[in-house]
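Close look at the chain arrangement
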Amino acid sequence: MNGLSTVLIVVGLFLVGGIISFAKQGMPKSLITLLSIGAAMCLIAGVLRLEVWN
């Protein structure tokens, strides 16, 4: 596991926490959708950069 993959996974998990918080606060669905797309992209990029696939 290198540094960049760790950072991407941590940022993705942070954004997932933001999604949960925004949903509890009743924020607009478009904002939650945008945040979830960003979180998914960070998590997928972090997992794909892991060195276990080689």
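I will try to describe carefully the structure that is included in this document. Throughout this description, residue numbers start from 1 for each chain and increase along the sequence as written. Owing to the predicted nature of the model, reporting of local features is limited to residues with pLDDT of at least 70; listing and counting of side-chain atom pairs is limited to 80 or more, with chain, interface and lining totals taken over all residues. Where side-chain values are given, they derive from all heavy atoms of the structure, hydrogens and water being excluded.

We now examine the side chain of Ser5. In this fold, Ser5 is placed in helix H1 (residues 3-25). Each residue's exposure class comes from its accessible area (1.4 Å probe, protein chains only) as a fraction of the maximum for that residue type: buried when under 20%, exposed when over 50%, partly exposed otherwise. Judged by relative accessible area, Ser5 falls into the buried class, the value being 0%. Excluding anything up to four places from it in sequence, Ser5 contacts Gly46, Arg49 and Leu50. In this description a helix means any DSSP run of H or I spanning at least four residues, a strand means any run of E spanning at least two, and both kinds are numbered starting from the N terminus. In this description, contact between two residues means that some pair of their heavy atoms is separated by no more than 4.5 Å.

Attention shifts here to helix H2 (residues 29-48). A helix's residues, less one, multiplied by 1.5 Å, set its expected span. With 20 residues, H2 extends 28 Å between its outermost C-alpha atoms, agreeing within 8% with the 28 Å of an ideal straight helix rising 1.5 Å per residue. Regarding H2, the residues found buried are Ile32, Leu35, Ala39, Cys42 and Gly46. Within H2, the buried residues cover an arc of 95° as seen down the axis, which keeps them to one side. Exposed residues pointing more than 90 degrees away from the buried face of H2 are listed as Lys29, Ser30, Leu34, Met41, Ile44 and Leu48. Against H1 lie the buried residues of H2. This arc describes the spread of directions from the helix axis toward the C-beta atoms.

Without other data, these values stay purely geometric and don't point to any function.
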